[in-house]
Amino acid sequence: QMEAEGHTGVGGGPALSATVLDDLQTALLTGTPHKPSQATAGVLGQVAEACDKFCNSDLDTVYVSGIVAHVVSLLHYSNGGSIGEAVVRVSNFIDGGDSSSEDCHVRQLVVMLTAATALNLFVQGNWTGPELPKPIIDSIPHLPQEAMAELSVDGENAYVQTRYLPLLAIARTLLVDCLPFLSACKTAGWWNTRCLFAWQRILSGPSDTLKKSLDSRFTELVAGSRDQNRLVALLHIERALVHQFYSSFDDAMASLKASAGVTGLQIKLTGAMGRRTKYQTFDTPLLVLEAASTATDTVPKGEDQGDRQIAHLDDNLLAEPTINNDKNDYVAPIDQCIILGMCEAIGQSQAKNKLTNEEMMAYVARVLKQNNSTNWMIYSAALLIRARLEAFSQRTADRAAMQIQALVEQFFDTSDEKASLKSRMQYIWQVPYPPRHVLRKETGSAHMRLGAAASALQIFEQLEMWTEVITCYRIMGKLTLAEQVVRKQLETATGSQAVELWVALGDVTNDPSAWEKAWELSGRRYARAMRSLAAYHLRNNNNTKCVECYELALAINPLYPDSWFSFGCASMRIQAWEKAARAFSRVVQLDNENSEAWNNLAAVFVKQRKIREAYHALSEALKWSHDNWKMWQNFSLFIDGCW
C-alpha cells in the first residue's frame, strides 16, 4: 500500500531527530498540534500531517490514511489470523529489513499513531460521541473469536453491548502485545495505560491483572518524569483516576495533590454568606471552595456552557446559590480536572451523608462557575457529579434524573457548536466520565429512586443488564415474569452472554444448578457464577462448600472485598483459622476502613494466640468505628483476658 502511493520506504525523507520525534509524541498525548521545525518529506511528511490531524480530532481521516491503514492490515483480523502472527508481522514492519535506525523510529511512531487513533475512535464510539462516520464503521475489521476471548480478563467479560470492540482489540494488540517493539516511543507506555484503563472500564468488574499492569506502568512513568511540567500534571491526574477506580483513595488524593503542586493550583474550603432560594430574605452561611490557578490552559472564547444545565422543577430553588462577594477567579481546565478528581476522592473515601455532599457540592460548584471558560467534557463531568449528589434529595431528584438523561442524549447531538469532537476528546482521559451504557444505567437507577420501576425496567432490558431487570421485577412483585424473560433470552444466547444469563437465572430461581451451569459453560473462568454459588451456600449454612466456592472465585479475581469478608466468616464457622486470617487480611488491604473486618481479624488472631496482632487489629477496628459499643466491649474483654 505504501509503494502504491509513490514511496520507496518509510524513511523517504530527512532523518528524524530525537527532538522532532519527542515533539510529535507529546502532540499526540496532549492533543496540541505541533509543526516540526525541520522540513519533512515522503512518509515522514505524512506522519507529521497525520499527527496534526489527530490533534485536531480528525480521527476518521487519520484512520483511513495509507500509513495507518497499512498497519491495520498487518493485523489481518478480517482473515481470521491469530494474534501471535499479527504481532510478528508488526515486528517485521518496524524492523523494515535493512532500514536505518531513523526509519525504524518513524515506523514505531506510525504503529503508535495507529494504536492511538483506534483507541480514540473506540472512546468516541462509547464515551464521548458523536456517532462514528459510516465509512469508518464499514472499515472496522471483523473480530475473530480469539481476539474477543483476549478481551475477557480474570473471569470478567466485556459488556455485551460495547460498540466497536475491534478498535479496542487493535489498540490492545499494538499497545500491549507489541509494546516491547516501541522502545523509541517514550510515550508508548502512557498510551498503554490509557488502553488498559479503557479496557478495564468496559469489563463487568475490576481485574487484578489489569490493576497490576496499570500500577507497574504508572510507577515506571512517574519515576521517569523528572520535569515539573504540564505533561507530568496530566500523568498524575490519570493515575489518580485509576486509583479511584480500584478504591485506592489515599493514593488517588496523593496523585491529585502532586498534580496540583505542578500546576500551582491553590484551593481552600471556606464559608461565605449567600442564599439558596428566590424568596429568601436573609443570608445564611454556605460552604464554598476558593481556587486560584496559575496554569495557562485556555479554551476557545465564547464557549458558554451554562445553557446545558437543567432548570429546577421547584421554582423556589435558585439554579445555583448566590454568594456575597464571590471570588470567581479564573481556573484553568487542567485545574478543573484536579478539582473534580478531588471531589470524587472525597465522596468515595468518606461516609455518604449530607456533610459529605455539601463538601463535594462546593468543589463541583467551583467548576460550574467557569461555564464560559471550561471545556465541554469537563463541564459534562461536573454536571454528572452534581446530578449524582442531587439524586438523593427529594427537592432535586427530578432535576438529577433529567440532567443525566440530557447527558445521555448529548452523545448523538451534533447540533451544538460547542460540542466539537476536539472539545469532547481533549480532556476525556483526565475526567471521571463513564461510558454511555453506564450513564444509561444511572438513568434507570434514577427512575428506580423516583418509584418508576416500570420505566427503569425498559431501560435495563434495552441494555441487557439482567441483574437490574430482575431487581425491577422483584420490586414490581413479578419474579415469575423475570424468569420467563431470562429463559426466553437463553434460547438464542451464546458465549459469554449465555453465561451471564445462566447466572441471572440462578439469581431469579435461587437454583444452584444454574450457577453451576454458568461456571461450566465459561470453562470454569466466570468468577461471578462461583461467587453467587458461594453466597447461596453461606445463606444455607453449608460453610465447607461455601469456602470451597469462594476459593475458586477469588483465585480468578481477588478484587472483591465483600467476597473475602464472607469467605472469612465461613472459614471462622468451620474453624479454618489460617484461611479466615488470610481472608480478613485481604479485606483490610482492599478497604482499610472496614472496622468489622478488623474486628473479625482480631478474633481470629486470638484463636491463633497472636496477642500482639490481635491488639493491633482491635485498635484499628476502634479507630474506624469508635462509636460502636460492641467493639469497645470486645476490646475490654480482650484486655481483661490478657491480664
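In this convention, every chain numbers its residues from 1, walking through the sequence in written order. Since the coordinates come from a predicted model, pLDDT governs what is reported: local features require at least 70, and pairs of side-chain atoms require 80 or more to be given and counted, while whole-chain, interface and lining totals use all residues. Side-chain metrics in this entry use all non-hydrogen atoms of the structure; hydrogen atoms and water are not considered.

Things to note about the packing of helix H21 (residues 466–475) against helix H23 (residues 495–509)
Link 1 in the chain: Viewed as axis vectors pointing N to C, H21 and H23 meet at an angle of 25 degrees, and their least axial separation amounts to 9 Å. It follows from the interaxial angle that H21 and H23 lie roughly parallel. Every pair of crossing elements has a handedness; the one defined by H21 and H23 is right-handed. Contact residues: Trp466, Thr467, Ile470 and Arg474 in H21; Leu501, Ala504, Asp507 and Val508 in H23.
Link 2 in the chain: Considering only residue class, the contact of H21 with H23 consists of five nonpolar, one polar and two charged. Axes, fitted as lines to C-alpha atoms, cover a helix only where it is in contact. Angles between the N-to-C directions of the axes lie from 0 to 180 degrees. Each helix is a run of H or I in the DSSP string that is no shorter than four residues. Each strand is a run of E no shorter than two, and both are numbered from the N terminus. What sets the label is the angle itself: under 35 degrees gives roughly parallel, over 145 gives roughly antiparallel, 65 to 115 gives roughly perpendicular, and the rest give oblique. Crossings are sorted by hand: turned counterclockwise from the far helix by less than a right angle, the near helix makes the crossing left-handed, and turned clockwise it makes it right-handed. Throughout, a contact is declared for two residues whenever any of their heavy atoms are within 4.5 Å. Each residue gets one of three labels, nonpolar for Ala, Val, Leu, Ile, Met, Phe, Trp, Tyr, Cys and Pro, charged for Asp, Glu, Lys and Arg, and polar for the others, Gly among them.

Here we look at empty space enclosed by the protein
Link 1 in the chain: Only protein atoms enter the calculation, which uses a 1 Å grid: trapped sets of points that fit a 1.4 Å probe without letting it out are cavities, open sets showing protein on both sides within 12 Å along at least five of seven lines are pockets, and any residue with an atom within 4 Å of a point is a lining residue. Grid points are joined across faces, edges and corners, and a volume is the space filled by probe spheres set on the points. Considering all chains together, one arrives at three cavities of 30 Å³ or more under this definition.
Link 2 in the chain: Considered as a void within the structure, the largest cavity measures approximately 210 Å³ in volume.
Link 3 in the chain: Taken together, 19 residues line the largest cavity, and the ones lying closest to its centre are Leu29, Thr30, Gly31, Met425 and Gln426.
Link 4 in the chain: Counting residues per element, the ones that place at least two in the lining of the largest cavity are helix H1 (18–30), helix H2 (42–55), helix H10 (188–201), helix H12 (230–245) and helix H18 (421–425).
Link 5 in the chain: A total of three residues in the lining of the largest cavity trace back to one element, the largest contributor, which is H1.
Link 6 in the chain: Among the residues making up the lining of the largest cavity, the classes are represented as 10 nonpolar, six polar and three charged.
Link 7 in the chain: There is about 130 Å³ of room inside the second largest cavity.
Link 8 in the chain: Lining of the second largest cavity is provided by 14 residues; of these, Arg194, Phe197, Arg201, Ile428 and Trp429 occupy positions nearest its centre.
Link 9 in the chain: Elements represented by at least two residues in the lining of the second largest cavity include exactly helix H6 (101–128), H10 and H12.
Link 10 in the chain: When residues of the lining of the second largest cavity are assigned to their parent elements, the largest contribution, five residues, is made by H10.

Quick word on helix H4 (residues 66–75)
Link 1 in the chain: Most of H4 is tucked away, with eight of its 10 residues classed as buried.
Link 2 in the chain: Histidine 76, located one to two residues past H4, shows a positive phi value of around 55 degrees. To sort residues, take the accessible area from a 1.4 Å probe on protein chains only and compare it with the maximum for the residue type: under 20% means buried, over 50% means exposed, and anything in between is partly exposed.

As for the sheet that holds strand E3 (residues 317–323)
Within a sheet, neighbouring strands are paired by backbone hydrogen bonds and run either parallel or antiparallel to one another.
Link 1 in the chain: A pair of strands counts as paired when DSSP detects no fewer than two bridges linking them. Spatially, three strands are ordered E2-E1-E3 in an open sheet, and the strand pairing comes out antiparallel. Each of the sheet's edge strands pairs with one partner strand only, and the pair in question is strand E2 (284–292) and E3. Each adjacent strand pair in this sheet contributes to an overall mean axis angle of 45 degrees, direction not counted.
Link 2 in the chain: Bridge count for strand E1 (residues 266–277) against E2 is nine bridges, and the pairing is antiparallel. In the sheet register, threonine 270 faces E2, and the bridge partner there is valine 288.
Link 3 in the chain: The strands that helix H15 (residues 354–368) touches are E1, E2 and E3; relative to E2, the one it contacts most, it runs at about 55 degrees.

Quick word on the nonpolar core
In globular proteins that are soluble, nonpolar side chains generally tend to be buried together.
Link 1 in the chain: The criterion is simple. A nonpolar core is a set of buried Ala, Val, Leu, Ile, Met, Phe, Trp, Tyr and Cys residues joined through side-chain atoms within 4.5 Å. Counting 133 residues, the largest nonpolar core has Leu167, Leu168, Leu174, Trp191, Trp199 and Tyr433 as its most contacted members.
Link 2 in the chain: Looking at this core element by element, the count peaks at 15 residues for H6.
Link 3 in the chain: In contact with leucine 167, other than residues within four places in its own chain, are Tyr63, Ala118, Leu121, Phe122, Leu132 and Ile140.
Link 4 in the chain: Formed by 44 residues, the second largest nonpolar core is a distinct cluster that contains Ala553, Trp598, Phe605 and Ala617.

Re the environment of leucine 113
Link 1 in the chain: With respect to the helices and strands, leucine 113 occurs in helix H6.
Link 2 in the chain: Separated by 19 residues in sequence, leucine 113 and isoleucine 94 place their C-alpha atoms 13 Å apart.
Link 3 in the chain: Those residues in contact with leucine 113, other than ones at most four positions away along the chain, are Leu28, Ala50, Phe54, Val62, Ile67 and Val68.

Observations concerning the packing of helix H22 (residues 479–490) against H23
Link 1 in the chain: With their axes 10 Å apart at the nearest point, H22 and H23 run at an angle of 160 degrees to one another. In terms of their interaxial angle, H22 and H23 are classed as roughly antiparallel. The two elements H22 and H23 meet at a crossing, and its hand is left-handed. Residues Leu479, Ala482, Glu483, Val486, Arg487, Gln489 and Leu490 of H22 form the contact with H23, whose own contacting residues are Ala498, Leu501, Trp502, Ala504, Leu505, Val508 and Thr509.

Digging into the environment of leucine 618
Link 1 in the chain: If you trace the backbone, leucine 618 turns up in helix H30 (residues 611–624).
Link 2 in the chain: Along the sequence, leucine 618 and alanine 602 sit 16 residues apart, while their C-alpha atoms lie 5.7 Å from each other.
Link 3 in the chain: Residue contacts for leucine 618: discarding those within four places in its chain leaves Asn599, Ala602, Asn634, Phe635 and Phe638.

Describing the confidence of the model for the chain
Link 1 in the chain: As a per-residue measure, pLDDT tells how confident the predictor is, with possible values from 0 to 100. For the chain, the average pLDDT comes to 88, and 92% of its residues sit at 70 or higher.
Link 2 in the chain: Ranking the elements of the chain by mean pLDDT puts helix H8 (residues 145–150) last, at 72, and H10 first, at 97.
Link 3 in the chain: The model gives residues 1–16 a pLDDT under 50, and that stretch makes 36 contacts with residues more than four places away or in other chains.

Looking at helix H29 (residues 595–607)
Link 1 in the chain: Expected span of a helix: the number of residues minus one, times 1.5 Å. With 13 residues, H29 should reach 18 Å at 1.5 Å per residue; the first-to-last C-alpha distance of 19 Å fits that figure.
Link 2 in the chain: All of the buried residues along H29 are Ser595, Ala597, Trp598, Asn599, Asn600, Leu601, Ala602, Val604 and Phe605.
Link 3 in the chain: Of the residues flanking the start of H29, the one acting as N-cap is asparagine 594, its side-chain oxygen 3.3 Å from the backbone nitrogen of glutamate 596.
Link 4 in the chain: Among the residues trailing H29, arginine 609 stands out with phi positive, at a value near 60 degrees. Polar contact is the term for a pair of N or O atoms within 3.5 Å; when the atoms are in protein, one must be able to donate a hydrogen and the other to accept it, and sequence-neighboring residues count only if both atoms are side-chain atoms.

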